[in-house]
Amino acid sequence: MNFLALFDLSVLDSTVRLAVPLLLACLAGLFSERGGIFDIGLEGKMLAAAFFSAAIAATTGSVWIGLLAGIGASLTLSAVHGVASITFRGNQLISGVAINFLAAGLTVLIAQSWFRQGGRTPSLIGGGRFEPITLPFADALTTVPFFGPLYSELISGHSILVYVALLCVPGTWYILFRTRFGLRLRAVGENPAAVDTAGVSVVGLRFAAVGICGILCGIAGAYLATGLQAGFVKDMTAGRGFIALAALIFAKWRPWHALWATLLFGYLQAIALRPDIIEGALGFKVQVQLLDAMPYILTVVILAGFVGKAIPPRAGGEPYVKER
Amino acid sequence: MTATHPAIELKGISKAFGPVQANKDISIRVMPGTIHGIIGENGAGKSTLMSILYGFYKADAGEVFIAGQKTDIPDSQAAIAAGIGMVFQHFKLVENFTVLENIILGAEDGGFLKPSLAKARKSLVDLAAEYELNVDPDARIEEIGVGMQQRVEILKALYRQADILILDEPTGVLTPAEADQLFRILGRLREEGKTIILITHKLREIMDTTDTVSVMRRGEMTATVKTSETSPEQLAELMVGRKVLLRVDKTPAAPGPVVLDIQNLRVVDEQKVERLRGIDLQVRAGEILGIAGVAGNGQSELLEVLGGYADGTGTVTLNGQPIDLTGKYSDGRSRRTNGIAHVPEDRQREGLIMDFAAWENTAFGYHHDPAYTSGLLSNNAAIKAETQAKMNRFDVRPPNPQLAAKNFSGGNQQKIVLAREIERNPDLLLVGQPTRGVDIGAIEFIHQQIVALRDQGKAILLVSVELEEILSLADRVAVMFDGQIMGERLSQDTDEKELGLLMAGVGA
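Cut-offs used in this document
- Residues numbered from 1 in each chain as written.
- Chains lettered and ligands numbered in written order.
- Predicted model: local features only at pLDDT ≥ 70, side-chain atom pairs only at ≥ 80, totals over all residues.
- Heavy atoms only, no water.
- Disulfide = S-S within 2.5 Å.
- Helix = DSSP H or I, 4+ residues; strand = E, 2+ residues; numbered from the N terminus.
- Buried < 20%, exposed > 50% of the residue type's maximum accessible area, 1.4 Å probe, protein only.
- Contact = heavy atoms within 4.5 Å.
- Polar contact = N/O pair within 3.5 Å; in protein donor to acceptor, adjacent residues only side chain to side chain.
- Buried area = accessible area lost by both parts, 1.4 Å probe.
- Salt bridge = Lys/Arg side-chain N within 4 Å of Asp/Glu carboxyl O.
- Pairing = 2+ DSSP bridges.
- Axes fitted to C-alpha atoms, helices over the stretch in contact; angles between N-to-C directions.
- Parallel < 35°, antiparallel > 145°, perpendicular 65-115°, else oblique.
- Left-handed = near helix turned anticlockwise from the far one by under 90°.
- Nonpolar A, V, L, I, M, F, W, Y, C, P; charged D, E, K, R; others polar.
- Core = buried A, V, L, I, M, F, W, Y, C linked by side-chain atoms within 4.5 Å.
- Right-handed = clockwise from strand over helix to strand, strands pointing away.

> Hey, could you go over the state of the cysteines for me, with residue numbers and the actual values?
Summed over all chains, the structure comprises zero disulfides over all chains. Unpaired in terms of disulfides, Cys 26 of chain A finds its nearest cysteine sulfur in Cys 217 of chain A, a separation of 10 Å.

Here is the structure:
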């Protein structure tokens, strides 16, 4: 047996790429839930963003306009969630479920009506996709032992959105723990009454949280359709929104932990694509179906609470009503 | 010239919630550098009035003048800008933030935290020196006691340059020593020229600390008087609208045989901390044993074990019969069958289901009573009729069995629980904090009911953090400290000072 083979550079490379949509969605959920708004509609927002980014990129030929369209679609759904759960103090879970159904149905319906290709968008070519970027010195360093291949294969050669997502981790940490906005956001998720009596708008903060969530979900969805794949297909998020939620709980609502958690899920997805490597490493064949199921099994295990005690933001899921 | 302006003047404030007139044409003047008490029963409109002043509610009519200037207070931000700080009854703190973070929340300087925190740390040192308000700026709120948390609330207001401090029922959660400390701090703030409004329903606090006092009853301001020119009896009468007995009227106890016998009772909680460390107690028929102590010294655990919803070790007998402390018969229903009735400490969590109607709450714990059932079904008509009768006997207002428990005032909720438990004719009644959050008129009634049960020859175990209540209601007092009984006294032979020392773990 050769366990090192399980960490083949090509597997790690696809781990990063597969972890990126999870990471973005996870950070999206982190902002929303830290602000006290539970969001199980990450999936739906990603899906809507994936479709609109691919559709607009296909029609305009510009992936950047596609990205903006994806973010716009995701933000629209965020606004729906915000109005339902903040303004009208509705049930956040029901609103989230509604968004998921809405996105699953509408994307296919509009795709069929616009492109008539069975609910998918045309394959994206040229400027319609985010192309890999080669970082400086990537070619020159390939000959350096160990570090060279690591840099040129693993770190270099991803699309811009991968680097954006990775920069979002320290960015989120900084915003959350070093800025006034972060302090207020965390406070509103823990005890909105404290924020309200301090003279700060609970509604404003929560809409900001839901808005940031929408933007990040939009980038995640756009990356799925225009970076990871070349176009939109039905249900292409494949539960990633829910996996991101599981990763969020696993990470205990902390940005750096979110990175590690989503990398773990990304790794499970990456290794499932390479049954040959697993066979080589373990010395026996593992059913492909089992490998495919691993991220979802881990999700169930995490959500069932087997991985330590995770304390969510205390006011999460509760609409804020001023008390007498 | 400016010194003659009142710090706060309210003119003709009215506020209605639907058909309920919470505040009716209220006018009040508070002079700077004084402590002004506002006293009234629960639901008299004190909190509504202060919420209007703090911008939580908008008054239907009336004007607010701060230091002689007419001021509009549409939200809390405006109240803070006008120099008003409020310490709510339930603190508005973020539990997992540090003291410092809570203090700057909403009053940060600029977008980044570092300079804000540094500035707050510095001014916290100054405030601590000026007002003797010492707190550890880096402690998390969940790690410090309620007395400290209250200081943080006061510091929050002072950090925002508040000149007027409103405190809503500030001593409800404090020990006597913490309350004394709070009043020293308030005295200090008054010396420095701050104006303080103290909302309370405790007459003694008003008499001890305020300069002037306003009395509210049913949304109206019934009187404003100088504290030195009034008496507790007069204030109580103004609050309730009739003469009130402030002492419990009872004859000496005639204790009979031992009903409850507790030997070496021990309880270990989930964190493996021993909360009861070998309790020995006896309660006789026809006597009230009061358990005094600062909250959190094992009284709650004692009630929980005796009430059948926590496990313990040791021997407990009722009329000579052993009570099951851990096994199959250690539950509320078995306890009731044994003849133990229980009025829990927290009536909103353990005594009632707040969203359920009064008649449903009346049946809880006794829902299997044949009088309440017909075959497999519950006999709702019978329960409702019984509830109606109980409500009339216990003077529950409004006497409507269909109303959800949450729609009754604290005193009336307690009467519903009491009516359910007392009328079952138990051999032993466990009562926890019978009058917490209950207004004066109802306190008198509840105390009378407990004494009447004693006079029927029942044993009563009373747990209360109110020393006054223990001294006036109980025949015998046992003081708990750190899970042990520090001493027992006959209530006519002891006083608050002696009990206070025992509560602090001194003496005995």
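> How would you summarise the environment of Gln 282 of chain B if you had to cite specific residues and measurements?
Residues and elements named next belong to chain B. Along the chain, the position of Gln 282 falls in strand S12 (residues 274-284). Looking at Gln 282, the relative accessible area reads 32%, which means it is partly exposed. Distance in space between the C-alpha atoms of Gln 282 and Glu 63 is 59 Å, their sequence separation being 219 residues. With near-sequence residues (within four places) excluded, Gln 282 lies in contact with Val 258, Leu 260, Asp 261, Gln 263, Glu 287, Leu 289 and Arg 476. At 2.9 Å, the side chain of Gln 282 forms a polar contact with the side chain of Asp 261.

> Tell me about the interface of chain B and chain A, and please be specific about residues and values.
Contacts between the two partners involve 28 residues from chain B, matched on the other side by 23 residues from chain A. Together chain B and chain A conceal approximately 2,300 Å² of surface at their shared face, both sides included; 57% is due to carbon and sulfur atoms. The largest contributions to the chain B side of the interface with chain A come from Phe 56, Lys 92 and Leu 113 of chain B, which together make up 25% of the buried area. Across the chain B-chain A interface, the total number found is four salt bridges. With its nearest N and O atoms 3.7 Å apart, the salt bridge here joins Glu 95 of chain B to Arg 314 of chain A. At the junction of chain B with chain A, the criterion picks out seven residue pairs in polar contact (both at pLDDT 80 or more). At three residues, the largest contribution of residues to the side of chain B that touches chain A is made by helix H2 (residues 76-81) of chain B.

> Got a sec to walk through the sheet that holds strand S3 (residues 35-40) of chain B? Specific residues and values, please.
Residue and element names in this part refer to chain B. The six strands lie next to each other as S6-S7-S8-S3-S9-S10, forming an open sheet whose pairing is mixed. A single partner strand is all that each edge strand has here, and the edge strands are strand S6 (84-87) and strand S10 (220-226). The sheet shows a mean angle of 20° between the axes of neighbouring strands, direction not considered. Sheet topology places strand S7 (residues 164-168) next to strand S8 (residues 195-200); five bridges connect them, and they run parallel. By the bridge assignment, Ile 166 is partnered in S8 with Ile 197. Contacts between helix H6 (residues 176-191) and the sheet are confined to S3, S7 and S8, with S8 contributing the most and set at about 150° to the helix.

> So what's going on with the packing of helix H2 (residues 42-60) of chain A against helix H10 (residues 240-250) of chain A? Residues and values would help.
All names here are of chain A. Viewed as axis vectors pointing N to C, H2 and H10 meet at an angle of 135°, and their least axial separation amounts to 7 Å. Taken together, the axes of H2 and H10 lie oblique to each other. Crossing hand, H2 versus H10: right-handed. Contacts from Leu 42, Glu 43 and Met 46 in H2 reach Arg 240, Gly 241, Phe 242, Ala 244 and Leu 245 in H10. Considering only residue class, the contact of H2 with H10 consists of five nonpolar, one polar and two charged.

> Any details on the nonpolar core? Residues and values, ideally.
Of all hydrophobic cores here, the largest spans 79 residues; its most connected members are Leu 24, Leu 27 and Phe 265 of chain A. Looking at which element gives the most residues to this core, the answer is helix H1 (residues 9-34) of chain A, with 13 residues. What Leu 24 of chain A contacts, discounting residues up to four positions off in sequence, is Ala 165, Cys 168, Leu 216, Ile 219 and Ala 220 of chain A. Counting 49 residues, the second largest nonpolar core, distinct from the first, contains Val 87, Ile 103, Ala 162 and Leu 182 of chain B.

> Quick one: what's the story with the pattern of salt bridges, residue by residue and with numbers?
Under the counting rule described, the total for this entry stands at 42 salt bridges over all chains. For the salt bridge of Arg 121 of chain B with Asp 138 of chain B, the shortest nitrogen-to-oxygen distance reads 3.0 Å. Of this pair, Arg 121 of chain B sits in helix H4 (residues 113-131) while Asp 138 of chain B sits in the loop between H4 and helix H5 (146-159), and the two are 17 residues apart along the sequence. Relative accessible area serves as the criterion here: at 37%, Arg 121 of chain B is assigned to the partly exposed category. Looking at Asp 138 of chain B, the relative accessible area reads 44%, which means it is partly exposed. One salt bridge in this structure joins Arg 489 of chain B and Glu 498 of chain B, with 2.6 Å as the shortest N-O distance. With relative accessibility at 24%, the residue Arg 489 of chain B sits in the partly exposed group. Among the charged side chains, a salt-bridge network with shared partners connects Glu 190 and Arg 314 of chain A together with Glu 95 and Glu 142 of chain B.

> Can you break down the pairing of strand S19 (residues 428-432) of chain B residue by residue, with the values?
All names here are of chain B. Within S19, five of the five residues are buried, leaving the element largely enclosed by the surrounding structure. Covered by surrounding structure in S19 are Leu 428, Leu 430 and Gly 432 together with Leu 429 and Val 431, the residues of both alternating faces. In this sheet, strand S20 (residues 459-463) lies alongside S19 in parallel orientation, the contact comprising five bridges. Each bridged residue has a counterpart across the sheet, and for Leu 430 the counterpart in S20 is Leu 461. Considered for its hand, the β-α-β crossover made up of S19, helix H15 (residues 440-455) and S20 is right-handed.

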